[in-house]
Amino acid sequence: KAGVTQTPRYLIKTRGQQVTLSCSPISGHRSVSWYQQTPGQGLQFLFEYFSETQRNKGNFPGRFSGRQFSNSRSEMNVSTLELGDSALYLCASSLDQGIEQYFGPGTRLTVT
Amino acid sequence: AQKITQTQPGMFVQEKEAVTLDCTYDTSDQSYGLFWYKQPSSGEMIFLIYQGSYDEQNATEGRYSLNFQKARKSTNLVISASQLGDSAMYFCARRNTGFQKLVFGTGTRLLVSP
């Protein structure tokens, strides 16, 4: 069974630009969650999507948004990038109410 | 905020020895799950072990076991017979039942020496 895939793996953007990250969950998983990991703030929950609906949202500004498609693939978008958005963005998928969340390798975003 | 506390920023252990990584949590909920994840330098989070708040027995998974003390709100990870490949960051996390959102601690960096 293929694991969670995230693209791209690495990204360099300039302040003020926008970026879209993609996550393909494990086949059959309909829940996709996104996390941001920074040295200063640690691992923080961004949002969770299930069956194309945002089910839960973390405490991030509106510049951070996401969506989920009918095939459960998910994208997250960050508009008007700031230097502080430099982070490892992790995506995790799970069965609905499943115990284990399977994480992807992450996308490392650098904002200059 | 319902916090997860890992007080050990770094731990050192020799190969083949056991090591305990500490984790305490703060919650007012009755039903929740506790998780430990390993993050090697590659960045991917690897699930290690899970303990439900209503589980009466401590969870075990191979060389990993939990010392779960519900009244003290602690769930310490015990790694037996450490291996060089165990060198990584270890994160404790909590999730309320019915939700997928994980709340993570700050992590402990484990270094296993030969």
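Here, every reference points to the structure presented above.
Here's a quick rundown of the structure.

Scoring rules and cut-offs
- Residues numbered from 1 in each chain as written.
- Chains lettered and ligands numbered in written order.
- Predicted model: local features only at pLDDT ≥ 70, side-chain atom pairs only at ≥ 80, totals over all residues.
- Heavy atoms only, no water.
- Helix = DSSP H or I, 4+ residues; strand = E, 2+ residues; numbered from the N terminus.
- Rg over C-alpha atoms; globule rule 2.2 N^0.38 Å.
- Areas by Shrake-Rupley, 256 points an atom, 1.4 Å probe, with all protein chains shown as cover.
- Lys, Arg positive; Asp, Glu negative; His and termini not counted.
- Charge placed at Lys NZ, Arg CZ, Asp CG, Glu CD.
- Contact = heavy atoms within 4.5 Å.
- Buried area = accessible area lost by both parts, 1.4 Å probe.
- Salt bridge = Lys/Arg side-chain N within 4 Å of Asp/Glu carboxyl O.
- Phe/Tyr/Trp six-rings, centres within 6.5 Å; stacked < 30°, edge-to-face > 60°.
- Buried < 20%, exposed > 50% of the residue type's maximum accessible area, 1.4 Å probe, protein only.

### Some remarks on the overall build of chain B
- Scanning chain B for helices and strands turns up 0 helices and 12 strands.
- Starting at the N terminus, the α and β elements of chain B follow one another as β-β-β-β-β-β-β-β-β-β-β-β.
- In terms of C-alpha radius of gyration, chain B reaches 14 Å, essentially the compact-globule figure of 13 Å for 114 residues.
- Based on the C-alpha atoms only, the size of chain B along its principal axes is roughly 40 × 30 × 20 Å.
- When the accessible surface of chain B is summed, it comes to about 5,600 Å², and 49% of that surface belongs to carbon and sulfur atoms.
- Taking the average location of the 11 positive side-chain charges in chain B and that of its 10 negative ones, the two points are 5 Å from each other.

### Describing the interface of chain B and chain A
- Tallying the contact residues gives 17 residues for chain B and 22 residues for chain A.
- Interface of chain B and chain A: buried area, both sides summed, is about 1,600 Å²; carbon and sulfur atoms make up 53% of it.
- If you sort the residues of chain B by the area they bury against chain A, B:Gln100, B:Lys101 and B:Phe104 come out on top, with a joint share of 35%.
- Inspection of the chain B/chain A interface yields 0 salt bridges.
- Going through the elements one at a time, strand E5 (32-39), strand E6 (46-52) and strand E10 (88-96) of chain B are the ones with two or more residues in the side of chain B that touches chain A.

### As for the packing of aromatic side chains
- Going through the model one piece at a time under the given rule, you end up with 14 aromatic pairs over all chains.
- Measuring from ring centre to ring centre gives 5.6 Å for A:Tyr35 and A:Phe103, while their planes differ by 45°; the resulting arrangement is tilted. Of the two residues, A:Tyr35 sits in strand E4 (residues 31-38) while A:Phe103 sits in strand E10 (residues 102-103), which places them 68 residues apart along the sequence. You'll find A:Tyr35 and A:Phe103 in the same group, each marked buried.
- Pairing A:Phe103 with B:Phe104 gives two aromatic rings, centres 6.5 Å apart and planes at 70°, and the pair type is edge-to-face. Placement of A:Phe103 in strand E10 and of B:Phe104 in strand E11 (residues 103-104) is noted, with the two residues assigned to different chains. Taken as a pair, A:Phe103 and B:Phe104 share a single burial class, namely buried.
- Joined through ring pairs, the aromatic side chains of A:Tyr35, A:Phe45, A:Phe103, B:Phe35, B:Tyr37, B:Phe47, B:Tyr50, B:Phe91 and B:Phe104 make up one cluster.

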